[in-house]
Amino acid sequence: MGGRAAEESSRSRKVVNLSVRRKRLKTKEKWLVVVGVALHAVYMLSIFDIYFKSPIVHGMDLVSPRFAAPAKRLALLVADGLRADKFFESDAAGKFRAPFLRSVIKERGRWGVSHARPPTESRPGHVAIIAGFYEDPSAVTKGWKANPVEFDSVFNRSRHTFSYGSPDIVPIFCAQLPHATWNSYSPDFEDFATDASFLDEWSFDQFQGLMNRSKEDPKLKELLLQDNLVVFLHLLGCDSNGHAHRPFSSIYLNNVAVVDSIAERVYNLLEDYYRDNRTSYIFTADHGMHDKGSHGDGHPTNTDTPLVVWGAGVKHPKPISSSSHGDGHSDCGTRFVDDHMHDTPTPKEWGLHGIERVDVNQADITPLMSTLLGLPGPVNSVGSLPLDYIDMNKTDEVEAVLANTKQVLNQFVRKSHTKEATSLFFKPFKPLAHYSSLLDQIEDQISNGDYEAARKLSENLRDLALQGLHYFQTYDWLMLMTVIILGYIGWMTYIVLHVLQSYTSLAGDILIKEQADHRTDNTRKVQLSGCLFLGLLSMILFIERSPPLYHAYTTMTVFLWTQISTEYRFIKALWRQLSGRKINYFTKVLAACAVAVFILEYLVNSFTERKLYTWCFLTVGAIAFIYLFKSIPWRSGIPFFVCGACWFLSVFTLMPAEIPDNNNLVIWSGVMIIMVGAAGRFLDQHTEGNKFWLSICNSDAKKPKFPMLFQLQALLVGLSSVMVSISTSHRTQNQELHVWHQFINWSIAGPSMVLPLFSANGLLSRLTSIFLGFAPTFLLLSIGYEAVFYSAFALVLMAWILFENTLIYSSKVKRLSSSFNNMEDNSLVDGRYLQLSDVRIPLTFPFLMAALLIFKLFIPFLLVICVFSAITKLNRLPRLGCYFLVILFSDVMTMHFFFLVQNTGSWMEIGNSISHFGIVSAQVVFVLLLFALTNVYTKDIHIGSVEGSSRKAMFSSGLESGNFVLNSDLVNRAWCAVEQQRQINPNAEPSLYNEIIQPENQIIIAFATPPGSLEGQEGLVSSKDFAYFEFLCNKNNPVFYINEAAIKLFKSHYDDLLLLKNKLVENSKSKTPPLIIITGQYVGGIVATLFTLWLLEGFNVLKTKRPLCVTFGSPFVGDEHLRKCVLEFSTWKSCFLHVVSDQDHTPKLFMSRNTFGAYKPFGTFLLCSTSGCASSEDPDFISEQFVTANSLSAQTQDPNLGFPYGHVLEDLKRKALCNVYKSIGGERDPLEASIITQLLAVGVVSQQQSRHSPDTDNLVGKMKKHETRLLIQKMKNSDNDKRLNDMKICMANLEWYKKDSKRQNIGYYDRYREKGNESDINVNGYKKKLMNYWEDSVTEVENKPQLEGAHFRVRWLYAGTNYRGMVEPLHIADYYNDGKKNYQTDGRPKHFTLLEEWHSEKQKQEEKKKQETLKQEEKPESGPSKSKRETVGSSLNDDTCFWARVEEALILLKNGELTSDDKRKLKEFEEYVWNALKNYAVSPEIFLEKSSFMKWWNEYKKIVESSSLLLDFMKNWIHKEYEAGRFT
C-alpha cells in the first residue's frame, strides 16, 4: 500500500509539473504574440522614415542672377491633361488642332516634349512646373491631397502673380501669397457630364477682365506695368473631358483647339497691352491622358506633354541640319525622369520633323522661367536649365547655368551641414568634398573668357549636387534597413527556436542535455550585455537627435537578439545534435527551405501578376494526380478529383478583375453549391467500414442536433439564389429594395452562419455544413463569376484534405503513432510533434490566402482557416505551432515586400506597394483573429483513427503471424538444406553441410539425425558436466539442464564444431557479413540450437548480423533455467524459430512421464497441422498446446521415418485460411474467436468442438490468461521506457538544482543538507526515484550472464557514473542528518559500490590499452589532463564519498580533545584532500563560504601544528587559481 501511495503521489506531482509547464508555454506564447504585434506595428512605420521622408529642406540663401533679365513678364499656360501626340498631330482631315501654336513653333519659338515623372497627377505636375521638384514622397501622409512641407516657387520670387483656374490647383500656390491676384471657379463647375472647355474660357475671361479693368484702375495698371510679373492660367478642360469622354473623343480633341485659341488670345492681349516685346510665353501640360481616360502611372501617354516657348529671351526655331540627329532631338545630354525610351524619332504625323525638338524634364521649366525673368531660382528646385530655349550671349548663358548650379548646390550644402551636425560618424559625399574649389575654378574660367569650359564644369557640378542630394536623402537607409532586416530575421529565428523547443521532438533530448550541462548559466549576463548594448545605441541615437521611432526600431531589434542569445545553450545543443546527422538530413532540410523560398517568392510575384496562379494550379493539379495515382493502392477517383478541382480553379485568375454582372451565373452557382454539399453528405454517410475515409467520415462522431439540418441549409442556399435574382431585377430597373426584401436577405445571411455549430462533429460533415452555412451570405454579395469561384475554391480545399489524408493512410499511420509514442504524457502540446514534412501545411496556408487577396473576399478566408484547422487535427499537429510557422513564412514575404515599397510611380503603384507590405505584415494579427473566430466552428471536430479502431478489441495475432512466417522464403531454404544434408548423409550420421548462396550472401548449416535417435534419450543432463555453455550461467541460475542426446552428439563432434564456429566468426567480421542460417531436424535441431547459442557468444551482436536458427520437430532443448538464462540476453530470443507439426511423433517424446513438465521452450514456434498454422512466443501457451495435442491425436507416423515438413509447408501455402472461421467471431469476443481459430489451425480442436464445450472453454480460458500476461509484459516494457525518460528529467532537475545552489554561493550538497525550502524537498523526491531505478537496474545487470552483463555495464557506465556523482552526495547528506557515522563501511548502498567497481574496471582497461599503445612512444606527461583542468569549474567530485570523508573529519573535530589516532586520521584526510586537488579530482564548490569543507578547514587550521602544502594552498587563496584551471 505504501508503494502504491508513493507511486500515485509521484504521478500526481508529474501531472502538476506538466500542468505548470503548459501554463508557462501558454504565457510565453501570449507574450510572443504581443511582441509580434508590436514588432510588426513598429516596423510597418519604418517605411515612412525610409521611403517617404520629405526631400525639402529650408534655410538656403537665394542665388541672385548676375545677368540682365531677358523678359519683364511671363505668361504660363498649363493645359491640364493634354497629351503631346493629340496636341501635335493632325486630325482625320489633315488639319492641325493647334494652328496658332504650330505657327509659333515654326516661326518664332522653340518646342519639345516635357517629360513628367509619375505620379502623373495634377498637383505633383504643377509643383514640378512652378516649384521645380517632383512629388514629395511624404505627401502619402496627407493622402496625396497636399504637399506636407512648405516650399518655394517661381510665384514666390515674382513681384506679382496673376492666377486663374481650378480650385484644386491655384490655391496651392497663391492662397498664402501676399503678392498674388487670383481667383478660381466653384468646384460645382466641374461637371463631367458636359463639355468642360468652358472652364478654360472662364480662366481666360477672368484674366481678360483684369486687363480691361486696368484701363480704369490706375493702381492695377501700375501693378501690371511692373517687372517680374507672372501670369498663370490653369486650363482644366482637357483633363475633365479626357476623364469623361476619353482622349479620342471629339470633345477632347475640340478642347485642344480651345486651348490653342486661348493661347493666341492671351498672346494678342498682352502684346497689344504692353507693346514692348518683353513678354515670354510658355505653353505646356501637367500630365497626359491614357486611352482609358485615366492618368497617374508612367505610360508614355501620361508622361509626354507638349512644351512650346516663345517671346522675349527665347530662341527662334532651328531647322534640322544634315549634321543634326536624324530623330530631330537636340543633343542636350539630358537624362529624363520617366522610364520609357526618348530617342525615338519625332512622329511624321506631327509634321515637325524639319524643326529641332528640345525635350526637357518637367522640373526644368522652373529654372527656365526664373532665368527668363531674371529671378532667383526657387530654393527647392532640382530642375536643370535648358539652354537650348534661351537666347542669351555666352557670358549670360554661363551666368545663368552657374546660378542654376549654385541654387542646387545650396540644397546639397544645407543637407550636408545638417547631417554632419547630428552625426557622430559622418560620411561626406566624396565627389563634392571640395566643391568650393570647383566654384572658384568656374569663376576663374569666366574671368578668363573660357565660357564653354565654365558652362560644362557648372553643369557637371550641378549633376554632382543632384547626386549628393540623393545621397543625403538616402543617408540613413543602410542603417535603418539593416536594423529592420536584422529585426525581422531575429523575429523569425526566435519563432524557429520556439517551434523547435515546444513543438518538435528535437527539443526532448536537447533540453535534457542542455539542463544537464554543468557550465554556469549566463542568461543574466547575456541580458545585461543586451541592455548595455541597447543603452549605448540609444545614447548614440540621442546624441544624433534621431527621431523617437529610430529608438523603437533599435530597441525592438536588440531585444529580439538578446532573447535569442539567452537561448545559447539550446542553440549549441541543437548544433551538436544536428552536426551528428548524416548529409542526407541536411540535404532534405536545404531542399525543403529552397522549395519554401521558391513558393514564397512565387507568391510575392503573384500579387502583381495574378495569372501566375493559373500556371500554379495547373502544375499542382498534375503533380498531385501523379503522386496520388501511385500512392493509392486501389482504383480510386481521388487523383482525378484533385486534379480536376485544381484545374477548374485555375480558370478564375484568367478572368477580368472587374467582375461583370451575370445574374444567371449566380443562380446556377446556388445549384452547384447544393450539389457539392449533397456530395459531401453522401460521402459522409456511405463510407462506413472503409479505412481510408475513417479519419474524415467518422461514424462515431457526435450526431447533429437537428436531423434536418442539411435540408435547411440547402433551402437557405436556394432562397439566397432567388433573392439575388429579385435584387438584380430591382437594380436594373433603378428601383429601391422593399423593406421586406431587405429583411429576408438579413434573415438568410445571419442565421445561416450559425447553423454549422449544430452539425455533426465529424471532419467532413462539419466542413460541409460550414461550406453551406457561409454560401447564402456569399451569394447575396455576388454579382457574377465569383459565385462559381466559391464552389470551385471549396472543391480545392476538399482536394487538400484528401491529399493530406492519403499521405496519412499510405504511411499506415506509422508516422503518427511514432510521434505519439515520443510525446506520451510529457507532451506540452495537444497533438504530435512537428516534423520537417509538416512544413507543407503552413506553407500552403499563405499560398491560398494570397490567392484570395485577388478576390478581396472575407468568407473564403474563413473557409481556408476552417480547413486549415481541420487538417491540423487530421495530422494531429498543434495548431499554434502551425500558426507560428504561417507567421514565419509570411515574414519571409514581408521582407521581400519591404524592399519592393515604392516612393516613385503612380499613386496607385505607391499605394499598392505600401498595402502589400502592410497586408503581409498584418498577418500576425489578421490570422490570429481568424483563428479565434473559426475556432468556434472547428474546436469540436472529431477525427477518426485507424489506430483507435484497432484497439477497441484485443485479439491474438498468432494466425496472421503464423501465415507470415509460413510464407517466409527462409523457412523453405532451411528445410531444403536439411533434405539435401539427409541425401548426402544417408547413414544419418551427424555431419555438417555448408552452402553459400549467391547473390543473397547466405550460409546455411544443416544438422541431420535419424528420426528415432531421440528414443530412450529424452532425459536431461546438468550443465556442470560440460564447460561449453558456462557463459549462459548467472547468479540466479548457476546451473541448467539440457537434452542428453544432443549433448552426446555435441561432445563427439566438438573439434569440427569449434573449427566451424571460428570460421563463421571470421566471416561475420568481413565488410559484408553473410546471413548465417543454422538448421536441423529432431536431435539435429537441438544441436543446431546449442551451436547457435555457442556461436552467438562469439559474435559482436552490435556490429554484425545475428545468425538465425530454424529447427524442424525439435521443440525443446532444456529446462526452465536454460530458458531464463537465454532470455537474459535480450537480443537472442528472436534468433530461434521452431517448426513443429501435430502429426510429428518425435516432439511427443518430450511429453513422456519422466520428462513431463521438465522441458521449457524458448524462441518463436510455428505450430502446424493439416488445417493451418499459428505462431507464438509464450512458453506456457506452447507447452499447453503440446499437452493438449498429445492427448487428442493418435500416433500416425512410423517413428523411424522422418516427418515430411516440406510437403506440409507447401500444402499450407496453397490454402487460404483467412476467412474459413469467420462464423466463430459472432459467438465469442474477438480474443476468444482468434484463439479458437489458432486451435483449429494447429489441429488441437475440431470444427465441432469450436462451439461452446467444457474442454474447449477451459483451454481457451487458459490461453486468454497467457495472452493477457503477454500484453501486461509489453505494457511493462513500455512503462520501462517511460520510466527511463522520467529518470532523465530527474537528473536534469538535479543539474538545475546544482547550478541554482552555486548562484546562491552554496554547494548543492550543503544546501540539501540544510533543507531550508520547498525545492530541497522536491530534490529528495528526485533522489528517491533515481535510487530506486538504479538499484533495480544494477541488480538486474548483476544477475545477467557474464557476457551480457559486461555489455550492459559498458553501455550504462557513463550514465551510472553521472548518477553516482550527483546522487550519492545527497544520500550521504541524509545519512549524516540522521546522526549516523561511518558511511563507507556501514551505510553505503551496494549499487553505489558496484557502479564504482565497474567504473574502476573500465578505467583500468582503458589505461592498459593506453600503455600498450604508448610502449614504443615517449612517456606521456603525468598529472591531470588539459580538458580536466578546463572543465573543473563545472565538474563533480571524482570520489563520490568525498563528503562522507568530510563529515567524518568534522565529527572528529567535534569530539573535543583529540587523541593521537584522531590527529592521524585528520592528517590522512588532509593528505587525501591535497592529492585530490593535485589531480583536479574535487569540485571548486568545496571552497564556497557555506561549504562543509570550509567549516572543517576553519576549525582544522586552528590546530595545525606545522606548515603544510594544503595550509599554504588555502592561506594564499590558490583555490581561485584552481577553479580557473591554472593551479599546478
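Refer to the structure printed above.
My aim in this report is to walk through the structure given alongside it, one point at a time.

### Considering the overall build of the protein chain
Alright, step 1. Along the backbone of the protein chain there are 56 helices and 19 strands.
Alright, step 2. Within the span of the protein chain, comprising 1528 residues, buried residues form 53% of the whole.
Alright, step 3. Put simply, of all contacts in the protein chain between residues at least 6 apart along the chain, 78% involve residues at least 24 apart.
Alright, step 4. Accessible surface for the protein chain amounts to roughly 70500 Å². Of this, 56% is attributable to carbon and sulfur atoms.

### Details of the sheet that holds strand β8 (residues 360-361)
In any sheet, the strands associate via hydrogen bonds between backbone groups, in a parallel or an antiparallel arrangement.
Alright, step 1. Judged by pairing direction, the sheet is mixed, and its 8 strands sit side by side in the order β4-β3-β5-β1-β6-β7-β2-β8 without closing on themselves. With partners counted over all chains shown, the strands left at the sheet margins are β4 (180-184) and β8, one partner each.
Alright, step 2. As defined by bridge partners, strand β2 (residues 109-115) adjoins strand β7 (residues 304-311) across 7 bridges and the pair is classed as antiparallel. Bridging across to β7, S114 finds its partner in T305.
Alright, step 3. The strands touched by helix α10 (residues 250-274) are β1 (73-79), β5 (229-235), β6 (279-284) and β7; relative to β6, the strand with the most contacts, the crossing angle is about 170 degrees.

### Points about the environment of D1310
Alright, step 1. In this structure, D1310 sits in helix α46 (residues 1308-1314).
Alright, step 2. With 176 residues separating them along the chain, D1310 and I1486 place their C-alpha atoms 9.5 Å apart.
Alright, step 3. Contacts of D1310, omitting those with residues within four sequence positions, involve W1443, K1490, S1491 and S1492.

### Quick word on the pairing of strand β14 (residues 1108-1112)
Alright, step 1. In terms of residue burial, β14 counts as a mostly covered element, since 5 of its 5 residues are buried.
Alright, step 2. Residues L1108, V1110 and F1112 point to one face of β14 and C1109 and T1111 to the other, with burial holding for every one of them.
Alright, step 3. Relative to β14, strand β13 (residues 1075-1081) runs parallel, the two being bridged by 5 bridges. Looking at the pairing, T1079 lines up with V1110 of β14.

### Some words on the packing of aromatic side chains
Alright, step 1. The final tally for this structure, using the stated rule, is 76 aromatic pairs.
Alright, step 2. Aromatic pair F426 and Y475: ring centres 6.1 Å apart, planes at 25 degrees, arrangement stacked. Taken together, the residues F426 in the loop between α13 (394-421) and α14 (435-447) and Y475 in the loop between α15 (451-473) and α16 (477-503) connect sequence positions 49 residues apart.
Alright, step 3. On the accessibility criterion, Y475 (18% relative accessible area) is buried.
Alright, step 4. Plain terms: the ring middles of F1091 and W1094 are 6.3 Å apart, the flat faces sit at 75 degrees to each other, and that makes the pair edge-to-face. With F1091 and W1094 both in helix α40 (residues 1083-1098), this residue pair falls 3 residues apart, about one helical turn.
Alright, step 5. The exposure class of F1091 is buried, given its relative accessible area of 0%.
Alright, step 6. Within the aromatic cluster, the residues linked to one another by ring pairs are Y1309, F1442, W1443, F1469, Y1472, F1487, F1493, W1496, W1497 and Y1500.

### Comments concerning the side chain of N1324
Alright, step 1. Following the sequence through the fold, N1324 ends up in helix α47 (residues 1318-1343).
Alright, step 2. Within the structure, N1324 has its side chain in polar contact with the side chain of Y1312 (distance 2.9 Å).
Alright, step 3. Residues within four places of N1324 in sequence aside, it is in contact with Y1312, K1315 and D1374.

### Observations regarding the packing of α16 against helix α32 (residues 879-900)
Alright, step 1. The geometry of α16 relative to α32 is characterised by a closest axis approach of 10 Å and an angle of 165 degrees between their N-to-C directions. It follows that α16 is roughly antiparallel to α32 by the angle criterion. Here α16 runs over α32; the crossing is left-handed. Two secondary-structure elements touch here, α16 through M481, I484, I485, Y488, I489, W491, M492, I495, V496, H498, V499 and Y503 and α32 through L880, G881, F884, L885, I887, L888, D891, V892, T894, M895, F898 and F899.
Alright, step 2. Looking at the contact of α16 with α32, its residues break down into 20 nonpolar, 3 polar and 1 charged.

### Some thoughts on the packing of α16 against helix α20 (residues 568-579)
Alright, step 1. Taken N-terminus to C-terminus, the directions of α16 and α20 make an angle of 75 degrees; their axes are 12 Å apart at the nearest point. Comparing their axes, α20 and α16 come out roughly perpendicular. Mapping the contact onto sequence places L497, L500 and Q501 in α16 and F570, I571 and L574 in α20.
Alright, step 2. Class assignment of the residues belonging to the contact of α16 with α20 gives a composition of 5 nonpolar, 1 polar and no charged.

### What to know about the nonpolar core
Alright, step 1. Membership of the largest hydrophobic core comes to 118 residues, with the highest contact counts inside it found for W491 and Y790.
Alright, step 2. For this core, the element with the most residues is helix α28 (residues 786-810), which contributes 16 residues.
Alright, step 3. Excluding residues within four positions of it along the chain, W491 makes contact with L32, V35, G36, L39, H40, L560, I887 and D891.
Alright, step 4. Core analysis: the next-biggest nonpolar cluster, separate from the first, contains 63 residues, Y1375, L1510, F1513 and Y1522 among them.

### Considering empty space enclosed by the protein
Alright, step 1. If you walk through the whole model with that rule in mind, you get 7 cavities of 30 Å³ or more.
Alright, step 2. Size it by volume and the second largest cavity reaches roughly 130 Å³.
Alright, step 3. For the lining of the second largest cavity, the secondary-structure elements that each account for two or more residues are α12 (365-373) and α13.
Alright, step 4. Class assignment of the residues belonging to the lining of the second largest cavity gives a composition of 9 nonpolar, 7 polar and no charged.

### Some remarks on the environment of G644
Alright, step 1. Its place among the elements puts G644 in helix α23 (residues 638-650).
Alright, step 2. Separated by 152 residues in sequence, G644 and V796 have C-alpha atoms that sit 8.9 Å apart.

### Details of the pattern of salt bridges
Alright, step 1. For the coordinates displayed, the defined rule picks out 31 salt bridges.
Alright, step 2. For E201, the salt bridge identified is with R265, shortest N-O distance 3.0 Å. Here the residue E201 occupies a position in helix α7 (residues 197-214), and R265 occupies one in helix α10, the gap between them amounting to 64 residues.
Alright, step 3. By relative accessible area, which is 25% here, E201 ends up partly exposed.
Alright, step 4. Measuring nitrogen to oxygen at the nearest pair gives 2.9 Å for the salt bridge that ties R1445 to D1439.
Alright, step 5. Residue classification places R1445 among the partly exposed positions, given a relative accessible area of 29%.

### A look at unusual backbone geometry
Alright, step 1. Of the consecutive residues P118 and P119, the connecting peptide bond is found in the cis state with omega at 5 degrees.
Alright, step 2. Tracing the backbone through its elements, the reader meets P119 in the loop between β2 and α4 (122-131).
Alright, step 3. The phi angle at N277 is positive, at roughly 55 degrees, despite the residue not being glycine.
Alright, step 4. Residue placement: N277 occurs in the loop between α10 and β6.

### Thoughts on helix α19 (residues 548-565)
Note that an α-helix has 3.6 residues per turn; residues three or four places apart therefore point the same way.
Alright, step 1. Under the 1.5 Å per step criterion, the end-to-end length of α19 is 26 Å for 18 residues, consistent within 8% with the ideal 26 Å.
Alright, step 2. Every buried residue of α19 is accounted for by Y550, Y553, T554, M556, T557, V558, L560, T562, Q563 and I564.

Procedures and definitions
Residues numbered from 1 in each chain as written. Predicted model: local features only at pLDDT ≥ 70, side-chain atom pairs only at ≥ 80, totals over all residues. Heavy atoms only, no water. Helix = DSSP H or I, 4+ residues; strand = E, 2+ residues; numbered from the N terminus. Buried < 20%, exposed > 50% of the residue type's maximum accessible area, 1.4 Å probe, protein only. Contact = heavy atoms within 4.5 Å. Areas by Shrake-Rupley, 256 points an atom, 1.4 Å probe, with all protein chains shown as cover. Pairing = 2+ DSSP bridges. Axes fitted to C-alpha atoms, helices over the stretch in contact; angles between N-to-C directions. Phe/Tyr/Trp six-rings, centres within 6.5 Å; stacked < 30°, edge-to-face > 60°. Polar contact = N/O pair within 3.5 Å; in protein donor to acceptor, adjacent residues only side chain to side chain. Parallel < 35°, antiparallel > 145°, perpendicular 65-115°, else oblique. Left-handed = near helix turned anticlockwise from the far one by under 90°. Nonpolar A, V, L, I, M, F, W, Y, C, P; charged D, E, K, R; others polar. Core = buried A, V, L, I, M, F, W, Y, C linked by side-chain atoms within 4.5 Å. 1 Å grid on protein atoms, 1.4 Å probe; cavity = no way out; pocket = protein on both sides within 12 Å on 5 of 7 lines; lining within 4 Å. Points joined across faces, edges and corners; volume = space filled by probe spheres on them. Salt bridge = Lys/Arg side-chain N within 4 Å of Asp/Glu carboxyl O. Expected span 1.5 Å × (residues − 1).

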